[in-house]
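Structural overview
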Amino acid sequence: MGGGAARSSCPPRLERRRLLLLLLLLLGLCSRTAALRGNDNSEALPESIPSAPGTLPHFMEEPDDAYIIKSNPIVLRCKAMPAMQIFFKCNGEWVHQNEHVSEESMDETTGLKVREVFINVTRQQVEDFHGPEDYWCQCVAWSHLGTSKSRKASVRIAYLRKNFEQDPQGKEVPIEGMIVLHCRPPEGVPAAEVEWLKNEEPIDSNLDENIDTRADHNLIIRQARLSDSGNYTCMAANIVAKRRSMSATVVVYVNGGWSSWTEWSNCNARCGRGWQKRSRTCTNPAPLNGGAFCEGMSVQKITCTSLCPVDGNWEVWSEWSVCSPECEHLRVRECIAPPPRNGGKYCEGLSQESENCTEGLCIQDIETASDIALYSGLGAAVIAVAVLVVGVTLYRRSQSEYGVDVIDSSALTGGFQTFNFKTVRQGNSLLLNSSMQPDLTVSRTYSGPICLQDPMDKELMTESSLFNPLSDIKVKVQSSFMVSLGVTERAEYHGKAHSGTFPHGNNRAFGTIQARNKATYIQNLSSISTRSELKTTAIFGHLGGRLVVPNTGVSLLIPHGAIPEESSWEIYLAITQKESSLQPEGTDVLLGPEVTCGPSDFSVSTPFALTIPHCAEVNSEHWNIHLKKRTQQGKWEEVMSVEEETTSCYCLLDPYACHILLNSFGTYALIGEPISDCAVRQLKVAVFGCLSCNSLDYNLRVYCMDNTPCAFQEVVSDERLQGGQLLEEPKLLHFKGNTFSLQISVLDIPPFLWRIKPFTACQEVPFSRVWCSSQKPLHCAFSLERYTPATTQLSCKICVRQVKGHEQILQIQTSILENERETIAFFAHDDSNFPAQMGPKAFKIPYSIRQRICATFDTPNAKGKDWQMLAQKNSINRNLSYFATQSSPSAVILDLWEARHQHDGDLDSLACALEEIGRTHSKISDITETEIEEPDFNYSRQNGL
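Residues numbered from 1 in each chain as written. Predicted model: local features only at pLDDT ≥ 70, side-chain atom pairs only at ≥ 80, totals over all residues. Heavy atoms only, no water.

1. Some remarks on the state of the cysteines
One covalent bond between the sulfur atoms of two cysteine residues makes up a disulfide. We count it as follows: Counting rule for disulfides: a pair of cysteine sulfur atoms within 2.5 Å. Helix numbering and strand numbering both begin at the N terminus, where a helix is a DSSP run of H or I of at least 4 residues and a strand a DSSP run of E of at least 2. The buried label applies to any residue whose accessible area, calculated with a 1.4 Å probe on protein chains only, is under 20% of its type's maximum; exposed applies above 50%, and partly exposed to all values in between.
Tallying each qualifying case throughout the model produces eight disulfides. Covalently, Cys267 is tied to Cys304 through a disulfide, its sulfur atoms 1.9 Å apart. Between Cys267 and Cys304 the disulfide shows an S-S torsion of about 85 degrees. By sign, it is right-handed. A residue pair is termed long-range when its members are at least 10 positions apart, and Cys267 in the loop between strand S21 (248-253) and strand S22 (272-279) and Cys304 in strand S23 (residues 299-306) qualify at 37 residues. What makes Cys304 buried here is its relative accessible area of 9%. Covalent S-S linkage joins Cys271 and Cys308, the inter-sulfur distance amounting to 1.7 Å. The sign of the S-S torsion, about 80 degrees, decides the handedness of the disulfide formed by Cys271 and Cys308: right-handed. Within this pair, whereas Cys271 is found in the loop between S21 and S22, its partner Cys308 is found in the loop between S23 and strand S24 (328-332), the two being separated by 37 residues in sequence. As a non-bridged cysteine, Cys615 has Cys710 as the owner of its nearest cysteine sulfur, 9.5 Å distant.

The structure is reproduced here in structure tokens:
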């Protein structure tokens, strides 16, 4: 029974072994089948890799979503560590092994194997896939512990439709109103990003808090400004293409507002019942860009009653008076019957009568005939003496205009020819010390240079002989280098100087020949030029005009209508050439002259144009230029930056001048702040020469000054006083703010004709001396010596260069003899003959044409062909909001054109600009002379000429 039990228990054990073996075979078969199915007809995937125990693959880079642009395939990449194999699966199916590109490397830190795999996906593959979701791919990495899967990366075909779902629409909104422009971009993959353009320029909402472009692609302007007028375009773009919407024109208009009422006028009836009126204008503000005109009456009238005038009438004559010793009696009457009242006429006729009261029988004591003859002779003698005294006085005044009698003016053109002069007459009103008693019979004659060796002959000039010009003095210029023995040539350019009109300051100083030595003479002449002040003045009326300081580049344009009708003002323009009170800070530079215009208490109704030359090479990336004004307390305050957007004033920076539109007079200056080492200050290099006291020596003076006409004129005036001659046309040097010094040297001196002292042929000037000169011209002198007096020709080179910068070479070829020199013109535009122009002659554009242009362009136009287009065609593209605040923007733009073209007056270019806009087809330059001259005739007639 025990054996039976053993037999019955064996079969179950055998069956369990068989079942276990069968289960293992089934597991192996299933794993092999899965491997074959996973390969999708490819090689079997590995079951294990040699790796660090317990490490699953970690993805260092997973495939990203991608877009197929046109027909270009995209590349998906995957990178894992550690990994023996990496394969891509797309849309649930394994990608064939041949389509994989694999790279293998070893991580230096961990020593693990890194594998990177790439596949390409084409447009055709994406288009052929039809599924519930987008085309996707993921990668699977194997290690001995198992597999890791990456994220799914979708692949889509990129596109952008052509038509916008909603285009922005044009609007007209009042000022300070809200502007909302809607834009729905075209459908596209990926979704298009929207950008707004204004007049073809991108809008950056980060720079303007008033503009918001983040709200569902819409453009929102919270408070509309005049500068917001323009053409707006919605720009949609993605990785495939860009699309533009239709442009929407936005017009910001200003409704008109009434000004205050004027005072009531006088009653129009001189006698009895009449009316009087008052008026107001729609200018507070004026309607702009199609804004509504003011509602209501512009004129009010009321009745009035004026007292009638009563003409005066004589009362009856009084009784005759008692007969006088002269045998006459008289009677009187008064205009009191009635007296004149309320503007009535005064009585006509005499208020007193007299007649002989003896009927011709009056007898008087008569002096003898001899007494009568005596008295007659004495009277005639007194009259003759008075006439003689007046004649002598007038003759002496006409002969003493300069304080000295110049006998030979040719001696003043350099000081190397024979001249003679007489001692100043007694009582000359132009001298501070006129009490001296000179010998009128003695005259001295000097021959040769003005460099005298005898101590008694060195009496040339002292500071005690300097004098200030009288208010009505006029100095005549007789030659290009004439200096009337100390009387500087910088004369008043126009008429009399009216006291109380010009700004207070140092007057121009003059001198006479009473110095003790030559050094004092030159020193005093130098001080004259630095203490002087150039100024000009004229009286302007309603027709306006132009004021110019000759040969300085400084001018003032008073527009037509800036001064009220039936009034006139004396306006002045001055350049201060003494040491400026404006001291720039740090590396800041005074770029031009300090200019004063006035009177300061007068304000104009429309902006005037002030032109100031400057020496900066205009570049907003290298310079930040400011306009400053001096207050009444003498301090300087900033008015604006040239690049600033403001409505108080306007600055237009041309290459060599700055044109400023202002409403108030005062003292102005331009300050430049260099913002990089590439900031360039333009210097004019000029060379002057003259013989020295030693007849064998010749002096060369090299000047480096600001490239402004006024700076050059100051140097020319100083050289005229010293007898210098301009030897070569000046050249332009670009001096950079890079802290490198300036070198000036004399080269190629003829070795057997001339010589220069050793170690003096080259001079170096520190950077700070040149850059921070504050309008003081840099001056370097070289002394050359001839071997023999027979040498009269000089040939050499002057080299002026900045270390690691720009260089200029001036070729000197001149004769040292005065009569053999070739004259070189100083100024390209000599406007000394016309310092002031009044009325229509001061303007290039005839007034009738100007009125038509303003009437045409001040009217807003939906196509944009208004005053903004006129400004654009004249290269005025910045701070247009300033013009929008003016009553006539076109008139102010034309005033700015007049200021910029005072020398050329290129009307053809203006006519071409108008034709391009399409508003006119006629050239302004074809206007006949009669049209231009007729307004001038009317102006002359109005002023009594």
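2. As for the nonpolar core
The nonpolar side chains of a soluble globular protein tend to be buried with one another. We apply this condition: For our purposes a nonpolar core is just a set of buried Ala, Val, Leu, Ile, Met, Phe, Trp, Tyr and Cys residues, chained together by side-chain atoms within 4.5 Å. Contacts are assigned to residue pairs that have any heavy atoms within 4.5 Å of one another.
Of all hydrophobic cores here, the largest spans 72 residues; its most connected members are Leu556, Leu610, Leu700, Leu742 and Ile798. Apart from the residues within four sequence positions on either side, Leu700 is in contact with Val687, Phe688, Gly689, Leu727, Cys780, Ala781, Phe782, Leu784, Leu794, Cys796 and Ile798. Counting residues in each nonpolar core, the second largest holds 52 residues, with Leu219, Cys234, Ala609 and Val892 among its members.

3. A closer look at helix H11 (residues 907-917)
Spacing of three or four residues puts side chains on the same side of an α-helix, whose turn is 3.6 residues. Heads up, the rule is: The arc in question is formed by the directions pointing from the helix axis toward the C-beta atoms.
Among the residues of H11, Leu907, Leu910, Ala911, Ala913, Leu914 and Ile917 are the ones counted as buried. All buried residues of H11 lie within an arc of 160 degrees about the axis, which places them on one face of the element. Where H11 is buried, its residues touch helix H7 (847-857), helix H8 (867-873) and helix H10 (889-900). The positive-phi residue at the C-terminal boundary of H11 is Gly918, with phi of around 95 degrees.

4. A look at unusual backbone geometry
A cis amide bond, omega -15 degrees, links Met81 with the succeeding residue Pro82. As for its position among the elements, Pro82 is in the loop between strand S3 (74-81) and strand S4 (85-90). Here the phi dihedral of Asp748 falls at roughly 55 degrees; this positive angle occurs in a residue that is not glycine. Relative to the elements of secondary structure, Asp748 occurs in the loop between strand S44 (742-747) and strand S45 (754-756). On the accessibility criterion, Asp748 (52% relative accessible area) is exposed. In the Ramachandran plot, Ser875 falls in the positive-phi region, its phi being about 60 degrees despite a non-glycine side chain. Counting through the fold element by element, Ser875 comes out in the loop between H8 and helix H9 (881-884).

5. Regarding the packing of aromatic side chains
The following threshold applies: Stacked, tilted and edge-to-face are the three classes assigned to paired rings of Phe, Tyr and Trp, where Trp is represented by its six-membered ring and a pair needs centres within 6.5 Å; plane angles under 30 degrees give stacked, over 60 edge-to-face, the rest tilted. We call a charge positioned over a ring when the NZ of a Lys or the CZ of an Arg lies within 6 Å of the ring centre and within 35 degrees of the ring normal.
Inspection of every chain in the model, using the stated rule, returns 17 aromatic pairs. With a centroid separation of 5.5 Å and an interplanar angle of 20 degrees, the aromatic rings of Phe767 and Trp771 are classed as stacked. Of this pair, Phe767 and Trp771 both sit in helix H6 (residues 767-771), four residues apart, which is roughly one turn of the helix. Seen from their ring centres, Tyr882 and Phe883 are 5.5 Å apart, and the 85 degrees between their planes marks the pair as edge-to-face. The exposure classification of Tyr882 matches that of Phe883, with both residues buried. Three or more aromatic residues joined by ring pairs make a cluster, and in this case those are Trp569, Phe602, Phe608 and Phe665. Positioned above the aromatic ring of Trp258 is the side chain of Arg280, whose terminal nitrogen or guanidinium carbon lies 4.2 Å from the ring centre. The ring of Tyr650 has Arg878 lying over it, and the distance from NZ or CZ to the ring centre is 5.3 Å.

6. Remarks on the pairing of S3
Worth spelling out the cut-off: Strands pair, by our definition, only if DSSP identifies at least two bridges between them.
The sheet contact formed by strand S1 (residues 58-61) and S3 spans three bridges and is antiparallel. Along S3, the bridge assignment pairs Phe59 with Ala80. Of the pairings in the sheet, the one linking S3 to strand S7 (residues 113-121) comprises seven bridges and is antiparallel in character. The residue of S7 that forms the bridge with Lys79 is Glu116.

7. Re the sheet that holds strand S13 (residues 179-181)
Where strands meet in a sheet, backbone hydrogen bonds hold them as pairs that are either parallel or antiparallel. One open sheet holds the three strands; their spatial order is S13-S18-S17, and the pairing between them is antiparallel. The sheet is open, and its two borders are formed by S13 and strand S17 (211-212), each paired with just one other strand. One ladder, built from two bridges, connects S17 with strand S18 (residues 219-221); its direction is antiparallel. Note on S18: the bridge partner recorded for Ile211 is Ile221.

8. Quick notes on the pattern of salt bridges
Applied cut-off: Within this document, salt bridges are pairs made up of a side-chain nitrogen of Lys or Arg and a carboxyl oxygen of Asp or Glu, the two lying within 4 Å of each other.
For the structure on display, the rule yields 22 salt bridges. Here Glu104 makes a salt bridge to Lys113, at a shortest N to O gap of 3.7 Å. Judged by its relative accessible area of 47%, Glu104 falls in the partly exposed class. A salt bridge links Glu127 to Arg123, with the shortest nitrogen-to-oxygen separation between them at 2.9 Å. Here Glu127 pairs with Arg123, and both are found in helix H2 (residues 123-128), just four residues apart, close to one helical turn.

9. Considering the sheet that holds strand S46 (residues 762-765)
For clarity, the cut-off: Each axis is a line fitted through C-alpha atoms, and for a helix only the stretch in contact is used; angles between axes span 0 to 180 degrees, taken between their N-to-C directions.
Taken together, four strands build an open sheet; the order of strands is S46-S44-S48-S49 and the sheet is antiparallel. Looking along the sheet, the strands with just one partner apiece sit at the ends: S46 and strand S49 (807-815). Across this sheet, the average inter-strand angle for adjacent strands is 15 degrees, counted without regard to direction. Relative to S46, S44 runs antiparallel, the two being bridged by four bridges. Across the sheet, residue Ser745 finds its bridge partner in S46, namely Cys762.

10. Topic: H7
Within H7, the full set of buried residues consists of Ile849, Arg850, Ile853, Cys854 and Phe857. What you see down the axis of H7 is that its buried residues fit within an arc of 135 degrees, all on one side. If you follow the buried residues of H7, they end up packed against H8, H10 and H11.

11. Considerations on the packing of H7 against H10
Helix packing geometry: the angle between the two helix axes and the distance between the axes. What counts is decided by this rule: The labels follow the angle: roughly parallel below 35 degrees, roughly antiparallel above 145, roughly perpendicular from 65 to 115, and oblique for the rest. Helix crossings are classified by the rotation of the near helix relative to the far one: an anticlockwise turn of less than a right angle makes the crossing left-handed, while a clockwise turn makes it right-handed. In this classification, Asp, Glu, Lys and Arg are treated as charged, Ala, Val, Leu, Ile, Met, Phe, Trp, Tyr, Cys and Pro as nonpolar, and every other residue, Gly included, as polar.
In contact at an axis separation of 8 Å, H7 and H10 are set at 135 degrees when each is read in the N-to-C sense. The angle between H7 and H10 places the two elements in the oblique class. Remark: the crossing between H7 and H10 carries right-handed chirality. Between H7 and H10, the residues in contact are Arg850, Ile853, Cys854 and Phe857 and Ser890, Ala891, Leu894 and Asp895, respectively. The residue inventory of the contact of H7 with H10, partitioned by class, reads five nonpolar, one polar and two charged.

12. Considering the environment of Pro185
Note on placement: Pro185 falls in the loop between S13 and strand S14 (188-189). For Pro185, a relative accessible area of 13% puts it in the buried group. Separated by 59 residues in the primary sequence, Pro185 and Arg244 have C-alpha atoms spaced 9.2 Å apart. Beyond its immediate chain neighbours, meaning those up to four positions away, Pro185 contacts Phe164, Glu165, Ala192, Val194, His217 and Ala236.

13. Remarks on the side chain of Lys629
To keep things clear, this is the line we draw: Note that His is not counted, nor are the chain ends; the positive residues are Lys and Arg, and the negative ones are Asp and Glu. Any pair of nitrogen or oxygen atoms within 3.5 Å is treated as a polar contact; in protein, a donor-acceptor pairing is required on top of that, and neighbouring residues in sequence qualify only through side-chain atoms on both sides.
Examined against the element boundaries, Lys629 turns out to sit in strand S35 (residues 623-630). No salt bridge is formed by the buried Lys629. Its closest oppositely charged neighbour is Glu637, at 6.1 Å. A polar contact is formed between the side chain of Lys629 and the side chain of Ser664, at a distance of 3.3 Å. Lys629 has contacts with Lys635, Trp636, Glu637, Val639, Ser664, Phe665, Gly666, Thr667 and Tyr668, leaving out every residue within four places of it along the chain.

14. Observations regarding a negative patch on the surface
What counts is decided by this rule: Patch membership requires over 30% relative accessible area and the absence of a salt bridge. Like charges are linked within 9 Å, and nonpolar side chains (Val, Leu, Ile, Met, Phe, Trp, Tyr) within 5 Å. Computed by Shrake-Rupley with a 1.4 Å probe, the accessible areas treat only the displayed protein chains as cover when residues are assessed. To locate a charge, take atom NZ for lysine, CZ for arginine, CG for aspartate or CD for glutamate.
The grouping of Glu638, Glu643, Glu644 and Glu645 at the surface amounts to a negative patch. Structurally, Glu638 can be placed in strand S36 (residues 636-641). Looking at Glu638, the relative accessible area reads 45%, which means it is partly exposed.

15. Quick word on the confidence of the model for the chain
Note the threshold: On a scale of 0 to 100, pLDDT captures the predictor's confidence in every residue.
Averaged over every residue, the pLDDT of the chain is 76; the share at 70 or more is 73%. In this model, residues 1-10 is a region of pLDDT below 50 whose contacts with residues beyond four sequence positions or in other chains number zero contacts. For the stretch residues 919-945, pLDDT sits under 50, and the model shows 39 contacts to residues farther than four places along the chain or on other chains.

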